[in-house]
There are 2 protein chains.
Amino acid sequence: MQEKIQRIKAPQLVNRVVTAEEAATWIEDGMTLGLSGFTRAGDAKAVPTALVNRAEAGERFKVNVYTGASLGSNIDKMFAEAGIVNKRLPFQAEPVMRNKINTGEHFFVDQHLSHTSELLRAGAIDSIDYAILEAIMVTEDGLLIPSTSIGNSQAFAEFADNIIIEINTAQPVELEGIHDLYSPNQQGDREPIPLTQPNQRIGTMGIPLDMDKVKGIVFTHQLDSPSTIVPPDEETQMIANHLLNFLQEEVKAGRLTESLMPLQSGIGSVANAVLHGMIDSEFHDLVVYSEVLQDAVFDLIDAGKVNFASACSLTLSEEKMKQVFGEFEKYREKLILRPQEISNHPEIIRRLGLIAINTALEFDIYGNVNSTHVSGTKMMNGIGGSGDFARNSRLGIFVTKSIAKDGDISSIVPYVSHVDHTEHDVDVVVTEQGYADLRGLAPRERVPLIIENCAHPMYREQLWEYYNEALERGGQTPHVLEKAFSWHISFKEHGTMKMPLKAQI
Amino acid sequence: MQEKIQRIKAPQLVNRVVTAEEAATWIEDGMTLGLSGFTRAGDAKAVPTALVNRAEAGERFKVNVYTGASLGSNIDKMFAEAGIVNKRLPFQAEPVMRNKINTGEHFFVDQHLSHTSELLRAGAIDSIDYAILEAIMVTEDGLLIPSTSIGNSQAFAEFADNIIIEINTAQPVELEGIHDLYSPNQQGDREPIPLTQPNQRIGTMGIPLDMDKVKGIVFTHQLDSPSTIVPPDEETQMIANHLLNFLQEEVKAGRLTESLMPLQSGIGSVANAVLHGMIDSEFHDLVVYSEVLQDAVFDLIDAGKVNFASACSLTLSEEKMKQVFGEFEKYREKLILRPQEISNHPEIIRRLGLIAINTALEFDIYGNVNSTHVSGTKMMNGIGGSGDFARNSRLGIFVTKSIAKDGDISSIVPYVSHVDHTEHDVDVVVTEQGYADLRGLAPRERVPLIIENCAHPMYREQLWEYYNEALERGGQTPHVLEKAFSWHISFKEHGTMKMPLKAQI
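Since the structure is predicted, the reported quantities are computational estimates derived from the model, not experimental observations. Throughout this document, residue positions are counted from 1 along each chain, in the order its sequence is written. Numbering of ligands from 1 and lettering of chains from A proceed in the order in which they are written. Restriction of local features to residues with pLDDT of at least 70 applies here, the model being predicted, together with a cutoff of 80 or more for giving and counting side-chain atom pairs; totals for whole chains, interfaces and linings are based on all residues. Computation of side-chain values: all heavy atoms of the structure, hydrogens and water removed.

In DSSP terms, a helix is any run of H or I states spanning at least four residues, a strand is any run of E spanning at least two, and both are numbered starting from the N terminus. For chain A, the helix and strand inventory stands at 18 helices and 27 strands. Atoms considered for the radius of gyration are the C-alpha atoms alone. The globule rule reads 2.2 Å times the number of residues to the power 0.38. Taking 2.2 N^0.38 as the reference for a compact globule, 505 residues should give roughly 23 Å; the C-alpha atoms of chain A span a radius of gyration of 23 Å, in line with that estimate. Across its three principal axes, chain A shows a C-alpha extent of roughly 75 × 50 × 45 Å. Exposed residues in this analysis have more than 50% of their type's maximum accessible area, buried residues have under 20%, and partly exposed residues fall in between, with area computed by a 1.4 Å probe over protein chains only. The proportion of buried residues among the 505 residues of chain A is 67%. Sequence-distant contacts, at least 24 apart, represent 73% of the contacts inside chain A between residues at least 6 apart. Accessible areas in this description were obtained via Shrake-Rupley with a 1.4 Å probe; residue shielding takes into account the shown protein chains only. Of the roughly 16300 Å² that chain A leaves accessible, carbon and sulfur atoms contribute 49%. The average position of the 44 basic charges and that of the 69 acidic charges among the side chains of chain A differ by 1 Å. Contacts were defined at the residue level, with two residues in contact if any of their heavy atoms lie within 4.5 Å. In this charge count, Lys and Arg are treated as positive and Asp and Glu as negative; neither His nor the chain ends contribute. Every charge is mapped onto a representative atom, which is NZ of Lys, CZ of Arg, CG of Asp or CD of Glu.

All names here are of chain B. Look at helix H9 (residues 269-277) against helix H10 (residues 295-302): their axes get within 9 Å of each other, and the N-to-C directions meet at 5°. When the axes of H9 and H10 are compared, the pair comes out roughly parallel. In this structure, H9 contributes Asn272, Leu275 and His276 to the contact, and H10 contributes Asp295, Ala296, Val297, Asp299 and Leu300. The classification used treats Ala, Val, Leu, Ile, Met, Phe, Trp, Tyr, Cys and Pro as nonpolar, Asp, Glu, Lys and Arg as charged, and all other residues, Gly among them, as polar. Taken together, the residues of the contact of H9 with H10 sort by class into four nonpolar, two polar and two charged. The axes are straight lines fitted to the C-alpha atoms, using for helices just the contacting stretch, and the angles between their N-to-C directions are given from 0 to 180°. Just so you know how the angles are binned, under 35 degrees is roughly parallel, over 145 roughly antiparallel, 65 to 115 roughly perpendicular, and the rest oblique.

So, about a nonpolar patch on the surface. A cluster of nonpolar side chains, contributed by Leu361, Val374 and Met380 of chain A, occupies part of the molecular surface with about 200 Å² of accessible area. Structurally, Leu361 of chain A is set in the loop between strand S17 (355-359) and strand S18 (362-364). Each patch is built from salt-bridge-free residues with over 30% relative accessible area, joining like charges within 9 Å and nonpolar side chains (Val, Leu, Ile, Met, Phe, Trp, Tyr) within 5 Å. Whenever Lys or Arg places a side-chain nitrogen within 4 Å of a carboxyl oxygen from Asp or Glu, that contact is recorded as a salt bridge.

Least-squares fitting of one copy onto the other uses the C-alpha atoms of those residues that reach a pLDDT of at least 70 in both copies. Overlay of chain B on chain A (RMSD 0.0 Å): rotation 180°, translation along the axis 0.0 Å. When the rotation and shift are considered jointly, the pair of chain copies conforms to a two-fold rotation axis. Looking at the rotation axis and the C-alpha trace of chain B, the residue lying nearest is Glu347 of chain B, at 2.2 Å. Mapped onto chain A, 100% of the interface residues of chain B again fall at the interface, so both copies present the same surface.

A few words now on the UniProt feature "domain: Acetyl-CoA hydrolase/transferase N-terminal" (unreviewed entry) in chain A. Following the UniProt record, one finds the feature "domain: Acetyl-CoA hydrolase/transferase N-terminal" (unreviewed entry) at residues 12-173 of chain A. Split by type, residues 12-173 of chain A is 28% helix and 20% strand. Its first and last C-alpha atoms lie 21 Å apart. UniProt positions are given in the numbering used here, feature names are shortened, and annotations may be inferred rather than shown by experiment.

Moving on, we get to the pairing of strand S2 (residues 63-66) of chain A. Residues and elements named next belong to chain A. A two-sided burial pattern is seen for S2, the buried positions comprising Val63 and Val65 on one face and Asn64 and Tyr66 on the other. In short, DSSP must find at least two bridges between two strands for them to pair. Alignment of strand S1 (residues 32-35) against S2, held across three bridges, turns out to be parallel. Residue pairing for S2: Gly34 is matched across the bridge by Tyr66. Of the strand pairs in this sheet, S2 and strand S3 (residues 85-89) are connected by four bridges, and their pairing is parallel. Note that in S3 the partner of Asn64 across the bridge is Lys87. Handedness rule for crossovers: strands pointing away from the viewer, path from the first strand over the helix to the second running clockwise, crossover right-handed. Note that the unit made of S2, helix H4 (residues 75-82) and S3 has a crossover that is right-handed.

Moving on, we come to the interface of chain B and chain A. Between chain B and chain A, the contact holds 81 residues from the first and 81 residues from the second. When chain B packs against chain A, the two sides together hide about 6600 Å² of surface, and 51% of this comes from carbon and sulfur. The interface formed by chain B and chain A holds six salt bridges in total. A salt bridge links Glu118 of chain A to Arg350 of chain B, with the nearest nitrogen and oxygen atoms 2.7 Å apart. Whenever a nitrogen or oxygen atom comes within 3.5 Å of another N or O atom, the pair is scored as a polar contact, on the condition that within protein one atom can donate a hydrogen and the other can accept it, and that pairs from neighbouring residues in sequence are kept only if both atoms are in side chains. Summed over the shared surface of chain B and chain A, the result is 46 residue pairs in polar contact (both at pLDDT 80 or more). Listing elements by their share of the side of chain B that touches chain A, those giving two or more residues are helix H5 (95-102), strand S4 (107-108), helix H14 (346-352), strand S21 (378-379), helix H15 (386-392), helix H16 (443-454) and helix H18 (486-494) of chain B. With five residues, H14 of chain B is the largest single contributor of residues to the side of chain B that touches chain A. In terms of residue class, the side of chain B that touches chain A is made up of 26 nonpolar, 32 polar and 23 charged. Accessible area, probed at 1.4 Å, shrinks when two parts are joined; the buried area is that loss added up over both.

Residues and elements named next belong to chain A. The strand order S19-S18-S25 describes an open sheet built from three strands, whose pairing is mixed. Each having just a single partner strand, strand S19 (369-370) and strand S25 (412-413) make up the two edges of the open sheet. Note that S18 and S19 share two bridges and pair antiparallel. Paired with Phe363 across the two strands is Val369, which belongs to S19.

Put into structure tokens, the structure is as follows:
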């Protein structure tokens with residue numbers, strides 16, 4: 001206990017230590033919780049679990065749950081199974097919860113990840129009763145030092161009525177010093193965010209706490225859920241190669257240097273493969289400005305390719321976690337974690353001129369992208385930061401395999417069944433077939449590139465058939481509305497998007 | 001001539017005066033032109049007309065045409081009729097051109113208005129051979145003083161190979177001093193844009209010219225095409241009243257003060273009616289930060305309601321133009337014109353916390369908005385600045401009448417036929433029926449508000465029928481894909497979206 005108490009350096013907080021069970025009793029039906037956590041990293045673990053235990057013991061209540069992004073530690077799963085969620089925002093990625101969202105058992109508000117803090121600040125969404133925030137310590141002058149993610153924790157601490165801190169002694173104390181906390185003022189009374197380079201510090205090393213709001217401190221000792229990165233398969237590797245090839249062509253054209261521009265990449269195996277592909281490339285002195293740092297970023301640092309990486313969370317595999325935290329001094333000077341409001345802020349993304357690489361579920365012949373809804377209706381995870389990045393980046397790139405389900409689904413369709421990113425925000429699309437550079441092209445100019453470079457050969461003729469029929473009707477964006485979703489309907493009814501030519505429904 | 005020459009104060013440019021006809025001969029087939037002009041204001045008039053004359057005399061050539069936004073002076077009409085356009089961007093609003101776009105006779109790239117300068121700077125679109133820019137004068141130290149709009153003129157001057165200046169002696173010289181020119185550096189080498197208040201000057205009074213690029217100066221004497229504002233009809237007035245009512249409720253809830261936040265409003269009669277409605281309201285000390293200043297803003301200044309107005313163009317009716325320029329000293333200290341990159345910049349819009357009011361063609365039961373495409377295919381005008389503003393504003397508001405064509409079209413549909421703004425970016429929708437405040441609501445929560453508050457009563461039951469059937473299929477965003485566009489298809493086939501219940505196609 002002595003060692004634990006040393007993590008609370010602010011003397012007035014020492015006597016606020018409680019058990020997770022006690023803290024959980026403070027939470028009442030109808031309250032709104034703000035939980036730390038972003039892509040399985042730095043999530044509050046003990047109090048949410050104790051809250052679930054109350055439900056499992058028979059209590060009936062529901063709460064709204066705000067987070068940074070997805071949680072690990074099975075929190076979303078347990079919350080969903082216990083049926084204690086009224087509304088969840090701004091992102092999740094958990095199968096049980098996803099199912100409950102899609103059956104309508106609880107509400108999910110799918111938000112741009114840079115927007116949640118702003119909505120809280122403006123009083124435009126329900127205010128937070130309890131912020132429950134993981135930390136590695138509280139400093140003498142009352143700064144909460146977050147752990148492996150920052151996410152929305154600063155805004156939650158600032159705007160919640162009460163704060164519960166979970167000091168997680170399993171998280172490496174070495175993390176102290178890599179956080180940079182900055183919170184914009186109210187709109188209308190706000191200075192420019194002074195960040196002009198990804199490695200620049202603009203704030204404090206921790207979250208300034210209003211001591212009066214700290215209701216309790218709980219000790220925990222539990223590592224983050226490790227990320228589970230699927231190694232690249234052949235198609236994933238081909239997508240990465242095409243994307244690297246596109247970037248090489250941009251260098252040749254003089255639009256980029258071999259140091260590119262700061263890189264953002266979504267989570268997942270394609271992003272990882274792209275970054276890994278850079279290890280053996282001619283690119284050098286790279287910088288990352290992203291939401292999440294995955295294993296590949298550390299491999300690139302080790303390879304001397306990446307000079308600096310800024311994000312709002314560290315989400316590593318079990319093995320990588322051990323390695324990185326085992327020799328953290330190697331990485332300390334090359335890392336900053338920021339609030340997601342800053343990692344994803346349009347002001348910064350546009351100023352720095354990012355290259356943003358995100359995953360699409362499907363895109364259409366005009367370059368509109370669906371990132372979230374399977375068959376237009378069922379939520380997968382959420383839009384996450386993809387909108388923040390694609391709209392404001394220098395290069396908004398979307399990647400996906402051209403087919404799924406052994407070819408019964410084409411990821412390139414006549415009309416996406418749900419629109420998350422409009423053609424205005426999509427610069428380049430890449431599949432294992434190739435890439436289409438859509439910049440400066442009108443819709444009709446985009447179609448041949450997308451079909452011939454990106455669609456799977458087994459669907460090209462079918463796409464041309466749709467487009468040619470649409471062309472007869474004319475328009476800036478030709479469509480045959482009665483057949484626009486025929487591919488999705490065919491999949492639902494016949495198990496495949498493949499249709500006999502001249503017989504599209 | 002003596003008086004005219006005095007408008008060229010830079011001595012090294014005095015001998016570059018040419019006729020519009022001569023300047024027009026420099027333009028060759030395949031070139032890209034950057035024309036000044038934003039919403040009928042400050043457009044280059046003489047050289048484009050002389051270029052059309054070349055085509056009418058039998059020459060065959062095509063050019064790409066970049067502008068700020070829509071042009072007046074019949075330029076787009078003449079260009080379209082002469083068939084000399086290969087590609088047009090980023091916006092237009094002219095019936096003949098619109099028709100040629102929709103038949104595919106020339107290409108139209110529909111862009112966020114803040115993006116064009118950035119794409120030029122990054123070399124991501126064809127570079128400009130000739131910038132043709134209207135001015136009221138060139139100063140001794142080589143600043144081009146624009147006229148009634150700035151639009152993209154600064155970027156065109158900076159990135160074009162050659163510049164032709166049209167000094168328009170019909171434009172009031174009193175405009176000198178109201179422009180504030182600022183151009184961000186290349187991405188990666190860029191400071192924050194220092195603007196923190198709408199009335200702040202951050203740049204120069206004119207566009208710094210590279211003298212070597214100024215190929216010719218042409219004198220013109222022709223007023224801008226006046227705006228033609230339709231007076232509000234009963235529905236328009238009701239939309240304005242509901243919107244004012246919403247803002248009043250926000251004040252009561254403590255989320256806004258009676259000075260609101262800086263106002264942006266799109267062009268058109270609803271925007272004008274909303275602004276006029278503020279004259280007799282309790283709101284005071286208002287500030288405008290918009291793209292275009294229309295008549296109503298000057299009425300609000302006269303009424304002592306608006307303290308300051310910033311935009312990138314002045315588009316006035318004939319009568320208002322006379323009045324405003326007849327007593328310009330009254331307004332001078334209350335106006336700034338900026339480049340559209342600054343008036344529409346996400347960094348500034350988010351920092352200032354704008355209230356953005358834009359027009360929808362249609363929106364759906366989940367709050368997705370179509371601003372551009374009639375029946376999903378035919379371009380109306382373009383997305384304009386609506387994406388810049390809606391995504392980044394504090395309050396993104398869209399307005400439309402609930403029905404069109406005597407009720408045969410419902411502007412509220414199950415699924416918009418084209419998506420310009422996703423549900424993530426749409427805070428409030430308003431029709432003459434009422435408003436729906438969508439902030440913080442999941443898709444399923446949005447539906448009842450939109451149907452009951454905004455849809456026309458004659459379509460409510462039909463919308464409920466669609467939604468209830470969709471609900472049986474489940475999902476975050478329930479849909480019946482095979483019926484999603486049935487309303488648009490019914491209109492096309494039967495001339496009305498009204499369908500017998502239980503018989504939606």
